[in-house]
Amino acid sequence: MQKASVLLFLAWVCFLFYAGIALFTSGFLLTRLELTNHSSCQEPPGPGSLPWGSQGKPGACWMASRFSRVVLVLIDALRFDFAQPQHSHVPREPPVSLPFLGKLSSLQRILEIQPHHARLYRSQVDPPTTTMQRLKALTTGSLPTFIDAGSNFASHAIVEDNLIKQLTSAGRRVVFMGDDTWKDLFPGAFSKAFFFPSFNVRDLDTVDNGILEHLYPTMDSGEWDVLIAHFLGVDHCGHKHGPHHPEMAKKLSQMDQVIQGLVERLENDTLLVVAGDHGMTTNGDHGGDSELEVSAALFLYSPTAVFPSTPPEEPEVIPQVSLVPTLALLLGLPIPFGNIGEVMAELFSGGEDSQPHSSALAQASALHLNAQQVSRFLHTYSAATQDLQAKELHQLQNLFSKASADYQWLLQSPKGAEATLPTVIAELQQFLRGARAMCIESWARFSLAVSAWALMATQTFYSTGHQPVFPAIHWHAAFVGFPEGHGSCTWLPALLVGANTFASHLLFAGCPLLLLWPFLCESQGLRKRQQPPGNEADARVRPEEEEEPLMEMRLRDAPQHFYAALLQLGLKYLFILGIQILACALAASILRRHLMVWKVFAPKFIFEAVGFIVSSVGLLLGIALVMRVDGAVSSWFRQLFLAQQR
């Protein structure tokens, strides 16, 4: 085989592996560009005047606030059917008896007694249904993925625009208690915080009891504007026992008492939000996209009437991200810049006593602000990357332009507004739902010596203090040799950190001496020495000299065998690496509902994939170097042979 053929064939095999990694990554590890733009009161989301309800009001931003305070109770893994009553849908049949049914009885009682004050929704969650990704969705209104390409790759902190940042920028006092995951996501953002460790899933009570110790005293103190309590007992009970265990009934009954206590303490200017971040399977796990995992409960209540009509017989299904723009406008805040959720329009109707026309106009105003914000985000995002489909994006922008023009005409022509309002609302909702669907479609698609050689890179990776998790990356390597920093240069520190992390892969894949190992081994083989005619008798007399070691120089007799051996060695090495990356892909896929999938298994896949790329590049460079040395040695042999002939 020729040099070029060997290199091209190995490059083709590497490409096949790259394609496999890319195919798996595109489906399992969702990716998108993370924008750091932020909304502000000083910059409306689009042209035109502010809605009629926000002009001249003190503290008004894009829209006048409906509530001064919010209590957000996040019950981890609160599946939708956990909030359902225990009754039978079949006449004359006994009610279904399951441990988790009917335990949140206070919700149903409030819905029956005060139908214009409360609503229960089925919150449709976007996968992955893991807590950190769901918290990002509940605060940014976007579709968080495992890889958010941006400036915070070394940190869990959210740098995208979010509700917590908008609240603190507006001077609101945000108090948090519960899951310490929030500490990493929003460092230093809370005016007061009580964090409790969330790792021990077998502990059902420590976090919940810690919250209850501070919850009611904090509410009674009045030193807060937004109070967030993140309970973990239901989620931990699911992981430990499953949803059908009696312990689940106990935890849900405890949460019911919490809700009752909060309702009794609410003032008229306060909104209560009880939400689950995701659901759980019949085994109590989550992380995937099954119906039970993506179905969570969402309950809203206010001491004052908010809803113009009574609740429907079947709760409405809404995307989970819809809560973000809704809370932002209800609190008089700008909608976070990257939000793609749709406001829950009925919350802007004005209550049961409001006139139908004014209710519809208020809904249209909220939807138009929301649509302006989403249109601005799509324009900014499409200018920064090509993730979104150009044709669909153009169609959506045309739809928004028409809906916005109709809305402005509606404001200028009050006489024809009553007939036009439903059409405008429908157009705005169509745009918002189309934008979210487009984003989901774009972002949310999950020989033994050679083996020892391949595994030496892994052994060296760990022995030098590295681990396949992002917090363990040696970021200080970026400043080796540059104690004063790099100025505005970004590629050099990235190169230094990458070299420090994957040096073992590059070294053991590209070392030319290791590539010559099989030939040194084969030097123990023997080849019959060519005897001159007439010396057969001498050969029989000296059998110990019948054969001689081949050594490395036998390659000079058959260079095509040399290249074939290099190809065989490279393929064996790539095969071992391929098995490793396949095992990581299978582990991440099979364990996608595991509690630690986004902390352990997915990062392991990322490191193995990058390590494979580095190793394969090093292998190609190493083989190319060996071929270059071989060519130089061959040239030297030819010159030596010619000199001897002279």
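Residues numbered from 1 in each chain as written. Predicted model: local features only at pLDDT ≥ 70, side-chain atom pairs only at ≥ 80, totals over all residues. Heavy atoms only, no water.

Participant: A description of the overall build of the chain should follow, citing residues and the corresponding values.
Facilitator: Per the secondary structure count, the chain includes 19 helices and 12 strands. By element, 59% of the accessible surface of the chain is carried by carbon and sulfur atoms, the whole surface being about 29900 Å². (Helix = DSSP H or I, 4+ residues; strand = E, 2+ residues; numbered from the N terminus. Areas by Shrake-Rupley, 256 points an atom, 1.4 Å probe, with all protein chains shown as cover.)

Participant: Help me get a handle on the state of the cysteines, residues and values and all.
Facilitator: Applying the stated criterion across every chain yields a total of one disulfide. In this model C41 forms its disulfide with C61; the gap between the sulfur atoms is 2.0 Å. Between C41 and C61, the S-S torsion sits near -120 degrees, and that sign places the bridge as left-handed. With a gap of 20 residues between them, C41 in the loop between β1 (31-33) and β2 (69-75) and C61 in the loop between β1 and β2 connect regions that are remote in the sequence. (Disulfide = S-S within 2.5 Å.)

Participant: How would you summarise the sheet that holds strand β5 (residues 174-179) if you had to cite specific residues and measurements?
Facilitator: The strand order across the open sheet built from eight strands is β6-β5-β7-β2-β8-β9-β3-β10, with neighbouring strands paired in mixed fashion. At either margin of the open sheet sits one strand with a lone partner, and together these are β6 (192-196) and β10 (317-319). Neighbour-to-neighbour, the strand axes of this sheet turn through a mean angle of 20 degrees, independent of strand direction. Where β2 meets strand β8 (residues 270-275), six bridges bridge the pair, whose relative direction is parallel. Note that in β8 the partner of V70 across the bridge is L271. (Pairing = 2+ DSSP bridges. Axes fitted to C-alpha atoms, helices over the stretch in contact; angles between N-to-C directions.)

Participant: Just give me the short version of the packing of helix α7 (residues 233-240) against helix α8 (residues 246-265), but keep the residues and values in it.
Facilitator: It is the contact of α7 with α8, at a shortest axis distance of 9 Å, that shows an interaxial angle of 175 degrees. With respect to α8, the element α7 is oriented roughly antiparallel. Contacts between α7 and α8 involve G233, V234, C237 and G238 on the former and, on the latter, E247, M248, K251, L252 and M255. Split by residue class, the contact of α7 with α8 holds five nonpolar, two polar and two charged. (Parallel < 35°, antiparallel > 145°, perpendicular 65-115°, else oblique. Contact = heavy atoms within 4.5 Å. Nonpolar A, V, L, I, M, F, W, Y, C, P; charged D, E, K, R; others polar.)

Participant: Just give me the short version of the packing of aromatic side chains, but keep the residues and values in it.
Facilitator: For the coordinates displayed, the defined rule picks out 17 aromatic pairs. For the pair F337 and F377, a centre-to-centre distance of 6.4 Å together with 80 degrees between the ring planes defines the contact as edge-to-face. Placement of F337 in the loop between α9 (323-330) and α10 (356-384) and of F377 in helix α10 is noted, with a sequence separation of 40 residues between them. Look at F377 and you get buried, because its relative accessible area is 1%. (Phe/Tyr/Trp six-rings, centres within 6.5 Å; stacked < 30°, edge-to-face > 60°. Buried < 20%, exposed > 50% of the residue type's maximum accessible area, 1.4 Å probe, protein only.)

Participant: How would you summarise the confidence of the model for the chain if you had to cite specific residues and measurements?
Facilitator: Summarising the model, the chain shows a mean pLDDT of 82, and 83% of its residues fall at 70 or more. Note on residues 149-155: pLDDT is under 50 here. Beyond four places in sequence and across chains, it has 13 contacts. Confidence over residues 517-555 falls short of pLDDT 50; this stretch has 33 contacts with residues more than four positions distant or in other chains. (pLDDT = per-residue confidence, 0-100.)

Participant: Go over the pairing of β2 with me, naming the residues and quoting the values.
Facilitator: Of all seven residues in β2, seven are buried, a share of seventy percent or more. Where burial is concerned, the two faces of β2 agree: the one with R69, V71, V73 and I75 and the one with V70, L72 and L74 are both buried.

Participant: Any chance you could break down a nonpolar patch on the surface for me, citing the residues and the numbers?
Facilitator: On the surface, a cluster of nonpolar side chains totalling about 420 Å² of accessible area is made up of F9, W12, F15 and L16. Under the relative-accessibility criterion, W12 is labelled partly exposed at 46%. (Patch = residues over 30% accessible without salt bridge, like charges linked within 9 Å, V, L, I, M, F, W, Y side chains within 5 Å. Salt bridge = Lys/Arg side-chain N within 4 Å of Asp/Glu carboxyl O.)

Participant: Lay out α8 with the relevant residues and their values.
Facilitator: Note that an α-helix has 3.6 residues per turn; residues three or four places apart therefore point the same way. Between the first and last C-alpha of α8 there are 30 Å, a value that for 20 residues agrees with the 28 Å anticipated at 1.5 Å per step. On its buried side, α8 packs onto β2, α2 (105-113), α6 (206-221), β7 (226-231), α7 and β8. (Expected span 1.5 Å × (residues − 1).)

Participant: Describe the nonpolar core, listing the residues and the values that go with them.
Facilitator: Judged by nonpolar contacts, the single largest core of 79 residues is most densely connected at W182, V273, L298, L378 and F431. Ranked by the residues each element gives to this core, the list is headed by α10, at 11 residues. Apart from the residues lying within four places of it in its own chain, the contact partners of W182 are L74, L135, T139, I164, F176, F190, F195, I228 and H230. Counting 45 residues, the second largest nonpolar core, distinct from the first, contains V73, A77, A118 and A297. (Core = buried A, V, L, I, M, F, W, Y, C linked by side-chain atoms within 4.5 Å.)

Participant: A description of the environment of H38 should follow, citing residues and the corresponding values.
Facilitator: Summarising the element assignment, H38 is placed in the loop between β1 and β2. A relative accessible area of 31% means that H38 is categorised as partly exposed. A C-alpha to C-alpha distance of 9.2 Å links H38 and I335, two positions 297 residues apart in sequence. Beyond its immediate sequence surroundings of up to four residues, H38 is in contact with V159, E160, D161, K165 and F337. Among the polar contacts made by the side chain of H38, one reaches the main-chain carbonyl oxygen of T36 at a distance of 2.7 Å. (Polar contact = N/O pair within 3.5 Å; in protein donor to acceptor, adjacent residues only side chain to side chain.)

Participant: Got a sec to walk through the side chain of H117? Specific residues and values, please.
Facilitator: Checked against the element boundaries, H117 lands in the loop between α2 and β3 (118-124). Separated by 3.0 Å, the side chain of H117 and the backbone oxygen of P303 make a polar contact. If near-sequence neighbours (up to four positions away) are discounted, H117 is found in contact with L300, Y301, S302, P303, T304, A305 and F307.

Participant: Tell me about the environment of A585, and please be specific about residues and values.
Facilitator: Among the secondary structure elements, A585 is positioned in helix α18 (residues 559-590). Here the alpha-carbon distance between A585 and F601, two residues 16 residues apart in the chain, equals 8.8 Å.

Participant: Can you break down the pattern of salt bridges residue by residue, with the values?
Facilitator: For the structure on display, the rule yields 11 salt bridges. Among the salt bridges present, the one from D81 reaches R79, with a minimum N-O distance of 2.8 Å. The residues D81 and R79 share a single accessibility class, namely buried. Salt-bridge contacts for R433 lead to E342; the nearest nitrogen and oxygen are separated by 2.9 Å. Within this pair, whereas R433 is found in helix α12 (residues 417-443), its partner E342 is found in the loop between α9 and α10, the two being separated by 91 residues in sequence.

Participant: So, the environment of T304: which residues are in play, and what are the values?
Facilitator: In this structure, T304 sits in the loop between β9 (295-301) and β10. Relative accessible area serves as the criterion here: at 29%, T304 is assigned to the partly exposed category. Sequence-wise, T304 and L271 are 33 residues apart; in three dimensions their C-alpha atoms are separated by 9.1 Å. Look past the residues within four positions of T304 in its chain and what remains in contact with it is F67, H117 and N268. Polar contacts involving the side chain of T304 include one to the side chain of S302, which spans 3.1 Å.

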